[in-house]
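Analysis of the macromolecular model
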Amino acid sequence: MCFFVPQQHRPAASSDHSFFEPFLPITTMHQTPAQQGFSMPAEWERHKATWLGWPLNSEDWPGKFVPIRWVYGEIVRAITRGDELVRIVVDNERHEEQARFVLGKVGVDMEKVEFFQCRMNRGWMRDCMPAFVKRTVASASGLVSEHAAVKFTFNGWAKYDNWQFDNAIANRISPLTGWNILEAKFGKRQVALEGGGIDVNGLGTLLTTEECYLDPHVQVRNPGMGKAEMEQALKDNLGVSNILWLGKGIAGDDTHGHVDDLCRFVNPTTVVLVQEDNPYDANYRALEENRERLEGMHLENGSRIDVVPLPMPAPLVFDGMRLPASYANFYICNHAVLMPTFNDPNDRKALGILAELFPDRTVIGIHAVDLVWGLGTLHCLTHEEPM
């Protein structure tokens, strides 16, 4: 069951979490989103809201689940300092009460928070929410923006079994939000994609990795789809024209190569690329190869890309496993950039680099040593809904 919970006059919660109520019908169109004139905006463009899934699955943060709620509270407080809503998906009434308690304690302006009760498995919003696209159309009052939500299949990163509720969130929430859902397809087949696996500059160029979407053996999202097919699917569904393929992601990345731990656009012509100075580190060779690739790549207009190196923190390890700690997993909201920090000497250096690249926004460090135990941090947790 899925329903919006306003601040006042909330409906009584139901303990029935069955999946028998109908989905909002998915829009059936012969034209692709790109053919309809839609394209994906850059993350720094104006947001209506940021989406979060309140932490639910204790297995994501072994031994750290309680403090994680307070980190979420800091994230919400930082975002709501600006002119942006935070929309939070909660699993049930008790889950919502827990979120309200934490947010109230840390001083969040609750007028800027909305809750949507909907079943979740894990709630990593970056990857299970739709990709929002927009187009400009003529109206009686002039040119206006129209939005749609492109629903890619989320299959648990082609690794985990508990993904069915998360895959259904967009369709279940859309009757409450009014989203126009467009199903992502290549020909007649559905396409699996996660938001953390791509990054765009809003003008037609998209970054992704071969490790994530072209590996034929490990965590295969779309069996049988090669590079040409995947590129066409991205162009058809996201309205991009220029796709840049990096190689491998960073060590410890449970998603097998998400680009949002590796390389991010910070403006239409500039990316930050994480850099490892230690030649003996597991990341060194792959990051050098990605830097060399970027030096030979071009933007949608044929110009070269400005590449700014972003340091890496020292390796973080849990139970013998390398964790995907990266400063590239920052999130751009309307008034600020939230960057994960790791109690590392490079925290200050990375904050300074991003501050220079985002002069119109405040760069805020969010302590993420606990968060990264869940194998993801700020960008993985959040998802912007454009204005």
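Please refer to the structure placed before this passage.
What you are looking at is a predicted structure, and each value in this text was computed from that prediction instead of being measured.

A word on the sheet that holds strand β12 (residues 242-246). What holds strands together in a sheet is hydrogen bonding between their backbones, with the strands either parallel or antiparallel. If you walk across this open sheet you meet the 3 strands as β10-β11-β12, and the pairing is mixed. Two strands bound the open sheet, and with one partner strand each, they are β10 (199-200) and β12. Along the sheet, helix α6 (residues 227-238) contacts β11 (205-209) and β12; its crossing angle with β12, the most-contacted strand, is approximately 135°.

Here we come to empty space enclosed by the protein. On inspection of all chains with the given rule, the structure shows 4 cavities of 30 Å³ or more. Of the voids in this model, the largest cavity is the one considered here, and its volume is about 200 Å³. Along the wall of the largest cavity there are 25 residues; nearest its centre are M40, R126, G195, I198 and H383. Looking at the lining of the largest cavity, the elements with two or more residues in it are α3 (125-128), β6 (142-151), β10, β13 (263-267) and β21 (383-386). With 3 residues, the top contributor of residues to the lining of the largest cavity is α3. Per-class residue counts for the lining of the largest cavity are 14 nonpolar, 3 polar and 8 charged.

If you walk across this open sheet you meet the 3 strands as β5-β6-β7, and the pairing is mixed. Unpaired on one side and paired on the other, β5 (131-139) and β7 (181-183) mark the two borders of the sheet. Sheet twist, expressed as the mean angle between neighbouring strand axes with direction ignored, is 40°. Across 3 bridges, the pairing between β6 and β7 is parallel. Among the inter-strand pairings, A149 is bridged to a residue of β7, identified as I181.

Formed by 90 residues in total, the largest nonpolar core has its most connected members in I75, I88 and L371. Examining the composition of this core, we find that 8 residues originate from one element, helix α1 (residues 65-80), more than from any other. Discounting chain neighbours no more than four positions away, the residues touching I88 are L52, W54, V76, L103, V113, E114, F115 and F116. If you look at the next biggest cluster of nonpolar residues, it comprises 24 residues, including V150, C212, Y213 and W245.

Summarising burial for strand β14 (residues 270-275): 5 of the 6 residues are buried, a large majority. As judged from the 4 bridges shared by β13 and β14, these two strands associate in the antiparallel manner. Residue F265 lies in a different strand from β14, and its bridge partner there is V271. Hairpin connection, β13 to β14: the antiparallel pair is bridged by 2 residues. As paired strands, β14 and strand β15 (residues 306-311) are joined by 6 bridges and run parallel to one another. In the strand pairing of β15, Q275 is matched with P311. After leaving β14, the chain enters helix α7 (residues 284-295) and then returns to the sheet as β15, a path that is right-handed.

Procedures and definitions
- Residues numbered from 1 in each chain as written.
- Predicted model: local features only at pLDDT ≥ 70, side-chain atom pairs only at ≥ 80, totals over all residues.
- Heavy atoms only, no water.
- Pairing = 2+ DSSP bridges.
- Helix = DSSP H or I, 4+ residues; strand = E, 2+ residues; numbered from the N terminus.
- Contact = heavy atoms within 4.5 Å.
- Axes fitted to C-alpha atoms, helices over the stretch in contact; angles between N-to-C directions.
- 1 Å grid on protein atoms, 1.4 Å probe; cavity = no way out; pocket = protein on both sides within 12 Å on 5 of 7 lines; lining within 4 Å.
- Points joined across faces, edges and corners; volume = space filled by probe spheres on them.
- Nonpolar A, V, L, I, M, F, W, Y, C, P; charged D, E, K, R; others polar.
- Core = buried A, V, L, I, M, F, W, Y, C linked by side-chain atoms within 4.5 Å.
- Buried < 20%, exposed > 50% of the residue type's maximum accessible area, 1.4 Å probe, protein only.
- Right-handed = clockwise from strand over helix to strand, strands pointing away.

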